[in-house]
Amino acid sequence: MRLAVSEADDPLTTREVSEAVGVPHAHMAKVVTRLQHLGVLDARRGRGGGLGLTELGRGASIGWLVRELEGDGEVVVCDGETPCPLRGACRLRGALRAAQEAFYASLDPLTVSDLVASPTGPVLVGLLGRRPE
Ligand code: SF4
């Protein structure tokens, strides 16, 4: 979301984004790598380099993105090391699956661009102390 409100000719670095949103740099670097693999983010090295959203990233469905990041596992582990005895006939399991799908479905119509409309976008811009000139 922070990258969606960046100026194209003044890209942010991973460190700047991590400091702006209060996330450890090592964690942010992992997030950047993951988002690059999904094709939603570009990282250019060297002078004038930095992070930028791709066209796919700008228009991608948030539901798709969260599914990709979270995986398709169930919210409760029913078939784990000690499988739950109810797992073959559990109404709760079905209800949780439906709730999980409803959660994703509610995010499907949204894009990153939608999420940075006012009032969010201006707050995101203000989060960053720009690097000294
Ligand atoms: S009670 Fe149902 S939802 Fe909970 S672990 Fe057992 S099978 Fe899964």
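This is a predicted model, so every value here is computed, not measured.

Asker: Is there a simple way to explain the domain arrangement of the protein in this structure?
Answerer: Where the parts come together, the accessible area they lose is often given as the size of the interface. Taken domain by domain, the protein comprises domain 1 (1–60 + 113–133) and domain 2 (63–110). In this structure, domain 1 and domain 2 have C-alpha centres spaced 30 Å apart. Listed by partner, the interface residues are six residues for domain 1 and five residues for domain 2. Per-class residue counts for the side of domain 1 that touches domain 2 are four nonpolar, no polar and two charged.

Asker: Any chance you could explain the environment of Gly50 here in plain terms?
Answerer: You can see Gly50 is positioned in strand β2 (residues 50–53). By C-beta crowding, Gly50 is classed as partly exposed, having 18 other C-beta atoms within 10 Å. In sequence terms Gly50 and Val66 are 16 residues apart; their C-alpha atoms lie 24 Å from each other. Not counting residues within four places of it along the chain, the set of residues in contact with Gly50 comprises Pro11, Leu12, Thr13 and Arg44.

Scoring rules and cut-offs
- Residues numbered from 1 in each chain as written.
- Predicted model: local features only at pLDDT ≥ 70, side-chain atom pairs only at ≥ 80, totals over all residues.
- Domains from an automatic or database assignment.
- Contact = placed C-beta atoms within 7 Å.
- Nonpolar A, V, L, I, M, F, W, Y, C, P; charged D, E, K, R; others polar.
- Helix = DSSP H or I, 4+ residues; strand = E, 2+ residues; numbered from the N terminus.
- Buried ≥ 20, exposed ≤ 12 C-beta atoms within 10 Å, placed from the backbone.

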